[in-house]
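# Fold and contact review
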Amino acid sequence: MKIVYFTHSLLSCWNHGNAHFLRGLLRELALAGHDVRSMEPASSWSLANLLADHGEAGLRPFRAAYPGLKPARWSHLDEATAAVDGADLVLVHEWSPPELVAALGRLRANGAGFTLLFHDTHHRAVSDPDAIRALDLSGYDGVLAFGAALAEVYARAGWGARAFVWHEAADIRHFRPPETEGRREGLVWIGNWGDDERSAEIEEFLLKPAAATGLPLDIYGVRYPETALTTLRRYGARWRGWLPNASAPEIFARALATVHVPRRAYATVLPGIPTIRVFEALACGIPLVSAPWRDSEGLFRPGADFLFARDASECAGHLARLRDDSDLRADLVANGLETIRARHSCAHRAAELLAIVSRLSAPRESAA
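Described below are features of the structure shown in this document. Note that the structure is predicted; figures quoted are calculated from it, not measured. (Residues numbered from 1 in each chain as written. Predicted model: local features only at pLDDT ≥ 70, side-chain atom pairs only at ≥ 80, totals over all residues. Heavy atoms only, no water.)

Right, let's talk about the packing of helix H14 (residues 312-324) against helix H15 (residues 326-343) for a bit. Relative orientation of the contacting elements H14 and H15 amounts to 105°, with a least axis distance of 5 Å. Between H14 and H15, the crossing angle belongs to the class labelled roughly perpendicular. Packed against H14, whose contacting residues are Arg-321, Leu-322, Arg-323 and Asp-324, the element H15 presents Ser-326, Leu-328, Arg-329 and Leu-332 at the interface. Within the contact of H14 with H15, the residues separate by chemical class into 3 nonpolar, 1 polar and 4 charged. (Axes fitted to C-alpha atoms, helices over the stretch in contact; angles between N-to-C directions. Helix = DSSP H or I, 4+ residues; strand = E, 2+ residues; numbered from the N terminus. Parallel < 35°, antiparallel > 145°, perpendicular 65-115°, else oblique. Contact = heavy atoms within 4.5 Å. Nonpolar A, V, L, I, M, F, W, Y, C, P; charged D, E, K, R; others polar.)

In structure tokens:
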């Protein structure tokens, strides 16, 4: 099968979490024998920011970890649409330019033989619904939504049974525990500040508990304004700047534990969506404490795979237990790895994608 995926960027993970999952997914599909190609705009803002901050050296971790993935970059719409010639399956990410989304839909509506799927891994459908409604999806065969709550938004908008739940997952070929355990100390948090979507939550569930337990805290990420950096310094946290996602396993391997702080939308209007960091952390074998979100789809075993905290005090208590109880740390690591390997790898998602395509192979209906 020839599969073409249109992404904002495969090369760059600078404030671009979709690249994490996509890299592992495309590798799994290629290893399964499919002809896999990715296309990204030559002018993507994620890549532009990465190169501005780190130059070509910023791309080395991705290229070393994924030597078989060589994304093509397009500058003109006809270059992009030419890439789907002979394709069997075309996927278009939600961050794609509206003109590309529409052009590919027109090709499909005019009889192109590929299955065309729109892939949404963001909260814009509820936080900025006009932006999604402005996209012309009338020619698409279905929508892949990274959680049931988001799939329901599309189902209510007329997609019905053609709105599929397709969660992100960990690339366990790359995200795995260290081969040899070394010294672990302190806490690590990998995440971007971004748009004040969780600034209060970062202070409540990360900065305050770390300070209360006396655990050193290293923070990696981008888009930290000076006000945020001032807050970090006040709590004694060390900001390390951007981290290539391919380097995350080695950083996780040095820390005693990590914390998940979901963006507000995923704790309120889109419950049940843990986002990629939970999958990756558990796959790397690091104990995890999470701020509140509702695991409405039963993806994990809270209390066994990781620990939920309702507030800063409870989070500090969990972190203190993890600091002092090696058996608890070992149990969480073993349980988390078991769940990821059984249900949440990129290989699982590749198989789910092919099953969805098979379900859509029946005569196609027009989108509402």
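The next thing to look at is the sheet that holds strand S9 (residues 217-220). As summarised here, the arrangement of the 6 strands in space is S10-S9-S8-S11-S12-S13, forming an open sheet in which the pairing is parallel. For this open sheet the edge positions go to strand S10 (238-241) and strand S13 (307-308), each flanked by a neighbour on one side alone. Here strand S8 (residues 187-190) pairs with strand S11 (residues 257-260) via 2 bridges, running parallel. Across the sheet, Leu-187 pairs through a bridge with Ala-257, a residue of S11. (Pairing = 2+ DSSP bridges.)

The parallel open sheet is built from 7 strands, whose spatial order is S3-S2-S1-S4-S5-S6-S7. Edge positions in the sheet fall to strand S3 (72-74) and strand S7 (163-165), since each of these pairs with one other strand and no more. Strand-to-strand twist across the sheet, computed as the mean angle between neighbouring axes with direction ignored, equals 25°. Pairing geometry for strand S5 (residues 115-120) and strand S6 (residues 142-145), over 4 bridges, is parallel.

All right, on to the packing of helix H1 (residues 18-31) against helix H16 (residues 346-359) then. A pair of packed helices can be characterised by two numbers: the angle between their axes and the separation between those axes. One can describe the packing of H1 onto H16 by two numbers: an axis separation of 8 Å at closest approach and a directional angle of 70°. When the axis of H1 is compared with that of H16, the two are roughly perpendicular. Crossing of H1 against H16: the hand is right-handed. For the pair formed by H1 and H16, the contact residues are Phe-21, Gly-24, Leu-25, Glu-28 and Leu-29 on the first element and Cys-346, Ala-347, Arg-349, Ala-350, Leu-353 and Leu-354 on the second. Looking at the contact of H1 with H16, its residues break down into 8 nonpolar, 1 polar and 2 charged. (Left-handed = near helix turned anticlockwise from the far one by under 90°.)

It is worth spelling out the pattern of salt bridges at this point. This model, assessed by the stated rule, comprises 24 salt bridges. Between Asp-171 and Arg-27 there is a salt bridge; the shortest N-O distance is 2.8 Å. Of this pair, Asp-171 sits in the loop between S7 and S8 while Arg-27 sits in helix H1, and the two are 144 residues apart along the sequence. Across the pair Arg-263 and Glu-197 runs a salt bridge, and its minimum N-O distance is 2.9 Å. Separated by 66 residues along the polypeptide, Arg-263 in the loop between S11 and helix H12 (264-267) and Glu-197 in the loop between S8 and helix H9 (199-213) bring together distant segments of the chain. Glu-197 shares its class with Arg-263; the two are buried. (Salt bridge = Lys/Arg side-chain N within 4 Å of Asp/Glu carboxyl O. Buried < 20%, exposed > 50% of the residue type's maximum accessible area, 1.4 Å probe, protein only.)

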